[in-house]
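# Residue-level structure breakdown
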Amino acid sequence: MFAAVCVGWRGCGPSWTNGCVSGGTPRTPATCSSSRCFRQTVYWYLQDRWEQQKVTEQILPIVRRQLRADEGRDPEPSAGIIDSQSVKGADTVGQDSRGYDAGKKINGRKRFIVTDTLGLLLTTMVCSASVQDRDGAKSILLDLYLRTRVRFVYADAGFAGRLLEWATTILRTTVEVVRKPPEQRGFAVLPRRWVVERSLAWLTAHRRLARDYERHPAVSEAMIRWAAINTITRRIARGKPAVRQQKDVITPAT
């Protein structure tokens with residue numbers, strides 16, 4: 001069934017979600033008789049069965065610990081990196097959970113993620129894109145505090161301000177802001193921050209996460225965890241990080 005879900009998820013577009021609802025009532029395998037039965041069955045297991053049992057929240061830390069151990073690291077991380085990403089929302093995203101990010105000029109939702117120093121997902125949270133980074137970070141930092149032993153988090157300047165004092169006082173967690181050097185012009189790789197930026201790129205490489213198609217933010221969070229599980233398990237199977245294919249350089253004969 002796990003393989004079926006992976007195939008169905010990676011190969012289905014927005015019509016998958018729309019096809020799972022008829023008259024506002026989710027279909028179940030017992031009542032499904034149309035040609036879309038396979039996709040509806042997969043979505044029913046994903047949303048109504050597995051997420052109620054918090055399957056992804058149980059699988060993710062297991063595979064993450066295994067990969068960290070394979071890399072020679074402590075299975076439990078002690079530091080994390082936080083970042084956010086605003087993505088466009090499809091028509092299936094309701095007005096109650098979408099908003100406008102004036103800075104990025106995006107109408108949709110905002111994804112918050114915290115990774116370890118290897119870029120492996122620790123926790124995620126999805127909300128309206130209109131939520132400021134320093135406000136949305138409180139929920140995900142609290143979840144991080146409850147789920148892991150991470151008490152030191154790197155962040156960018158968008159998380160600066162009263163959040164740092166709140167995290168120190170309430171969560172006993174230090175949030176260190178990694179700022180751009182004053183003399184920097186243009187793009188430059190910043191220490192620590194590039195790790196979480198790479199993780200966001202890993203996530204959006206999955207077509208289902210190219211934008212937000214899900215009606216409920218909780219399902220969006222589940223899709224992010226599935227993408228992280230997929231990335232980690234593929235890396236475990238390879239035994240090493242993926243290497244970008246190099247371009248062939250043809251040297252003319254002399």
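Provided above is the structure to which this section pertains.
The paragraphs below set out a description of the structure included in this document.

## Some points on the pairing of strand β7 (residues 152-155)
As judged from the two bridges shared by strand β3 (residues 80-88) and β7, these two strands associate in the parallel manner. Residue pairing for β7: G80 is matched across the bridge by V153. Pairing of β7 with strand β8 (residues 174-177) involves four bridges; the strand directions are parallel. For A155, the partnering residue across the bridge sits in β8 and is V177.

## Quick word on the environment of R109
Here R109 is to be found in strand β5 (residues 106-115). Residues R109 and C127, spaced 18 residues apart in sequence, show a C-alpha to C-alpha distance of 5.7 Å. For R109, the side chain forms a polar contact with the side chain of S97, separated by 2.6 Å.

## Concerning the packing of helix α4 (residues 55-70) against helix α8 (residues 217-238)
Close contact between α4 and α8 brings their axes to 9 Å; oriented N to C, the two are set at 30°. Considered as vectors, α4 and α8 are oriented roughly parallel to each other. For the pair α4 and α8, the crossing hand works out as left-handed. Taken together, the residues of α8 that come into contact with α4 (itself represented by T56, E57, I59, L60, V63, R64, Q66, L67 and D70) are A222, R225, W226, A228, I229, I232, T233, R235 and I236. Residues of the contact of α4 with α8, tallied by class, amount to 10 nonpolar, three polar and five charged.

## Looking at α8
Taking 1.5 Å of rise per residue, the 22 residues of α8 would be expected to cover 32 Å, and the 32 Å separating its terminal C-alpha atoms lies within 8% of that figure. Count one or two residues on from α8 and you reach G239, which has phi positive near 85°.

## Concerning the side chain of R225
Among the structural elements, R225 can be located in helix α8. With relative accessibility at 9%, the residue R225 sits in the buried group. Side-chain polar atoms of R225 contact the side chain of T56, separated by 2.8 Å. Ignoring any residue separated from it by four or fewer positions in sequence, one finds R225 in contact with E51, T56, E57, L60, L121 and T124.

## Section: the nonpolar core
In a soluble, globular protein the nonpolar side chains are often hidden away together inside. Membership of the largest hydrophobic core comes to 26 residues, with the highest contact counts inside it found for L60, I113, L121, L203, L209, I224 and I232. Counting residues per element, the ones that place at least two in this core are α3 (37-50), α4, β6 (121-128), α7 (193-204) and α8. The element that contributes the greatest number of residues to this core is α8, accounting for seven residues. Beyond its immediate chain neighbours, meaning those up to four positions away, I232 contacts L60, V63, R64, L67 and L120. L122, L144, V153 and L171 belong to the second-largest nonpolar core, a separate cluster that totals 18 residues.

## Some words on the pattern of salt bridges
Scanning the entire structure with this criterion turns up 12 salt bridges. In this structure, the salt-bridge partner of R65 is E76, at a minimum N-O distance of 2.5 Å. Within this pair, whereas R65 is found in helix α4, its partner E76 is found in the loop between α4 and β3, the two being separated by 11 residues in sequence. Overall, the relative accessible area of 34% leaves R65 in the partly exposed class. Between R149 and D74 there is a salt bridge whose closest N-O contact spans 2.9 Å. Of this pair, R149 sits in the loop between α5 (133-147) and β7 while D74 is found in the loop between α4 and β3, placing the two residues 75 residues apart along the sequence. Look at R149 and you get partly exposed, because its relative accessible area is 45%. Judged by its relative accessible area of 40%, D74 is partly exposed. One network of salt bridges, with partners in common, ties together E51, E57, D143, R147 and R225.

Calculation notes
- Residues numbered from 1 in each chain as written.
- Predicted model: local features only at pLDDT ≥ 70, side-chain atom pairs only at ≥ 80, totals over all residues.
- Heavy atoms only, no water.
- Pairing = 2+ DSSP bridges.
- Helix = DSSP H or I, 4+ residues; strand = E, 2+ residues; numbered from the N terminus.
- Polar contact = N/O pair within 3.5 Å; in protein donor to acceptor, adjacent residues only side chain to side chain.
- Axes fitted to C-alpha atoms, helices over the stretch in contact; angles between N-to-C directions.
- Parallel < 35°, antiparallel > 145°, perpendicular 65-115°, else oblique.
- Left-handed = near helix turned anticlockwise from the far one by under 90°.
- Contact = heavy atoms within 4.5 Å.
- Nonpolar A, V, L, I, M, F, W, Y, C, P; charged D, E, K, R; others polar.
- Expected span 1.5 Å × (residues − 1).
- Buried < 20%, exposed > 50% of the residue type's maximum accessible area, 1.4 Å probe, protein only.
- Core = buried A, V, L, I, M, F, W, Y, C linked by side-chain atoms within 4.5 Å.
- Salt bridge = Lys/Arg side-chain N within 4 Å of Asp/Glu carboxyl O.

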